[in-house]
Amino acid sequence: PASGDASKISYFLPAMGGLTMGVSHTTTVLGTTDSTEYGARYTMDAGGASITLGGASGTTETASSVAKDIDSQNLGVKIASGNITVAMGNGSYEAVGEDRESTDFGASYNMGNGMVVSAYTVDSEDGIDTNESYTRSGVELAYTIAPGLSAVINVDDFDYDAATAGGSINTTASDNGTSSKLTIKASF
């Protein structure tokens, strides 16, 4: 159904210290594909570092009695101390024919003088199609040229192995490669 055919209600608790929480429920006209999402985030200081913990969970019901509901969960942590920031996360997604588990890691270092270097990696695998997987990693250098003007250089490598209906690797749909890009950003 179109989003205009659904009703949504959300409630966010007032922030309590470093804790924020919310819930959202969407009801479709037929009421057969309702969705409910929950999320929470907690931020605290520990030994001069800022630590943020977050999590979210969602379920979308299916209209068919033989189809599986769509469920997803995400958990993450971010630690920032001085010029270094590190973030880690884990997510899962379950639906008909899908049972994906993903982990990611990223780190950045502010070198001063408007320059920040970052690195990241993502790994995702499907528990049903065991030959289906996706990995991505890269490095990035961001430089502030002047207020409102910055340049970003990114080198990114990815590898996607698709699975066939029989479970073997689908070499036609699989893909991998490396990309490099330079982006100039201006804000007024």
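The shown structure was predicted, so the numbers you read here are calculated from the model rather than taken from an experiment.

Novice: Quick question: what am I supposed to make of unusual backbone geometry here?
Specialist: Peptide bonds are trans in most cases, and residues, glycine excluded, mostly fall at negative phi. Even without a glycine there, the phi angle at N113 is positive, about 55°. Its place among the elements puts N113 in the loop between β7 (98–112) and β8 (115–126).

Novice: How do you make sense of the pairing of strand β4 (residues 49–60) when you look at a structure like this?
Specialist: Pairing of strand β3 (residues 35–46) with β4 involves twelve bridges; the strand directions are antiparallel. Bridging from a neighbouring strand, G39 pairs with A56 of β4. The turn linking β3 back onto β4 is made up of two residues, and G47 within it adopts a positive phi angle of 60°. Summarising the sheet, β4 and strand β5 (residues 70–81) pair through eleven bridges and their orientation is antiparallel. Opposite G54, over in β5, you have G76 as the bridge partner.

Novice: I keep staring at the pattern of salt bridges and nothing clicks. Help me out?
Specialist: Side-chain pairs of opposite charge can arise whenever the charged atoms involved come near each other. Under the defined criterion, the tally for this structure stands at three salt bridges. A salt bridge links K68 to E94; the shortest N-O distance between them is 3.8 Å. Separated by 26 residues along the polypeptide, K68 in the loop between β4 and β5 and E94 in strand β6 (residues 84–95) bring together distant segments of the chain. The class of K68 is partly exposed, set by a relative accessible area of 38%.

Rules used in this analysis
- Residues numbered from 1 in each chain as written.
- Predicted model: local features only at pLDDT ≥ 70, side-chain atom pairs only at ≥ 80, totals over all residues.
- Heavy atoms only, no water.
- Helix = DSSP H or I, 4+ residues; strand = E, 2+ residues; numbered from the N terminus.
- Pairing = 2+ DSSP bridges.
- Salt bridge = Lys/Arg side-chain N within 4 Å of Asp/Glu carboxyl O.
- Buried < 20%, exposed > 50% of the residue type's maximum accessible area, 1.4 Å probe, protein only.

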